[in-house]
Amino acid sequence: MTNHLRPDRHIQRDFFIADILDAAPKDDMASMEHPIFALRAGDRRIRNYERGNYKVEIQPGPYGCATIHDKDVWIYCISQLMEAVNRGRDDISRTVRFVAYDFLVTTNRPVAGVGYDRMADALRRLSGTRIETNIETDGKRERSGFGLIDSWKVVERRKDHRMAAVEVTLPDWLFRSVKARYVLTIDRDYFRLRKPLDRRIYEIARKHCGSQSRWRATVSTLHEKSGSTSTLREFRRLLKCLADSDELPGYRVMFNDDDDAITFYPKSGMRSAMAQARDLLKMPRK
């Protein structure tokens, strides 16, 4: 069976870095709900997603569409901003400056040259990818277009000429979400998930299940919400593999063949355990 989680690359951290990483990772709720990020590298399609009254069009840049692994930059910046807000700072802005090494450690990436190169590639894709949407943030709903980041620049280099510190300017749409606290804390093991689809399924489960005792959705609904380009049959197979692995951070996944549905249960909490036990008792024996 394929492992869905990568090993933790940075178990041993020095005291200073451990203190920096105390900021709990946060994700933007609007992007958790809607499939803004591509699930495969090199995706150059114009993608359209519509659900209810919300519409999203994702337009690739010269380096292709930003992927869900590139979204780690978003999550890291949101986390740093929310940590500043929680500490009572009122001077936050859309521009976030951070040390590249800290980002790589936090997101479980290699800190050798390849880690810095991939980070630069992610910044290029995030800057080039354009979004047109009417998703509401901070009570404001408008049809608008923007890049996934407005800009980025290297503000400090190491002796080997690799980036040491960078500045990223987030789009106003995302910054409004942060100021409105329209974010959710996510499990640190999210960054250990290997497969793009597993990350997307985690986002959906975290957004909809949260700390409820359970959340249930049909496979076809999850397929639509995920933005997956797989056939429904292949998507169902991948979900079953994820359920069998029991490696989705924070949630247990149960597949029900009879109604072609998936149920998510938080792995902690008595209410969740009781809900899962009741559901297992109801399931027909084979």
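Rules used throughout
Residues numbered from 1 in each chain as written. Predicted model: local features only at pLDDT ≥ 70, side-chain atom pairs only at ≥ 80, totals over all residues. Heavy atoms only, no water. Phe/Tyr/Trp six-rings, centres within 6.5 Å; stacked < 30°, edge-to-face > 60°. Helix = DSSP H or I, 4+ residues; strand = E, 2+ residues; numbered from the N terminus. pLDDT = per-residue confidence, 0-100. Contact = heavy atoms within 4.5 Å. Expected span 1.5 Å × (residues − 1). Buried < 20%, exposed > 50% of the residue type's maximum accessible area, 1.4 Å probe, protein only. 1 Å grid on protein atoms, 1.4 Å probe; cavity = no way out; pocket = protein on both sides within 12 Å on 5 of 7 lines; lining within 4 Å. Points joined across faces, edges and corners; volume = space filled by probe spheres on them. Nonpolar A, V, L, I, M, F, W, Y, C, P; charged D, E, K, R; others polar. Pairing = 2+ DSSP bridges. Axes fitted to C-alpha atoms, helices over the stretch in contact; angles between N-to-C directions.

Student: Any chance you could explain the packing of aromatic side chains here in plain terms?
Tutor: Here a ring pair, both rings aromatic, is described through the centre-centre distance and the interplanar angle of the planes. The final tally for this structure, using the stated rule, is 10 aromatic pairs. Judged by centre distance (5.1 Å) and plane angle (65°), the ring pair of Y76 and F98 falls under edge-to-face. Residue Y76 is found in helix 3 (residues 71-86), and its partner F98 is found in strand 4 (residues 95-99); the two are separated by 22 residues along the sequence. Between Y76 and F103, the ring centres sit 5.5 Å apart and the planes meet at 90°, which makes this aromatic pair edge-to-face.

Student: Would you take a moment to explain the confidence of the model for the protein for this structure?
Tutor: For residues with low pLDDT, the predicted coordinates do not support detailed interpretation. When pLDDT is averaged along the protein, the result is 88, and 91% of the positions lie at 70 or above. Per-element confidence in the protein ranges from a low mean pLDDT of 42 for helix 1 (residues 15-20) to a high of 97 for helix 7 (residues 196-208). In the predicted structure, residues 14-21 sits below a pLDDT of 50 and forms 9 contacts with residues beyond four places in sequence or in another chain.

Student: Which parts of the structure should I look at to understand helix 3?
Tutor: Structurally, the α-helix is built with 3.6 residues per turn, so residues lying three or four positions apart point the same way. The end-to-end C-alpha distance of helix 3, which contains 16 residues, comes to 22 Å, matching closely the 22 Å that a straight helix rising 1.5 Å per residue would cover. Burial of helix 3 is extensive: 12 of the 16 residues sit out of reach of the surface. Once helix 3 ends, the next one or two residues include G88, with phi positive near 85°.

Student: Quick question: what am I supposed to make of the layout of surface pockets here?
Tutor: Vacant regions in the atomic arrangement are exposed by a probe of water-molecule size rolled over the atoms. Quantified by volume, the second largest pocket comes out at close to 400 Å³. Put simply, the parts of the chain that give the lining of the second largest pocket at least two residues each are helix 5 (113-128) and helix 7. In terms of residue count, the dominant contributor to the lining of the second largest pocket is helix 5 (4 residues). The residue makeup of the lining of the second largest pocket, split by class, is 8 nonpolar, 6 polar and 9 charged.

Student: Explain the sheet that holds strand 8 (residues 163-169) here, please?
Tutor: Taken in spatial order, the 3 strands line up as 4-8-7 in an open sheet, and their pairing is antiparallel. Two strands close off the open sheet at either side, each with one partner strand: strand 4 and strand 7 (151-157). Neighbour-to-neighbour, the strand axes of the sheet open up by a mean angle of 20°, direction not taken into account. As paired elements, strand 7 and strand 8 share 6 bridges and run antiparallel to each other. Within the sheet, the bridge partner assigned to W152 lies in strand 8 and is V168. Across the face of the sheet, helix 3 comes into contact with strand 4 and strand 8 while running at roughly 100° to strand 4.

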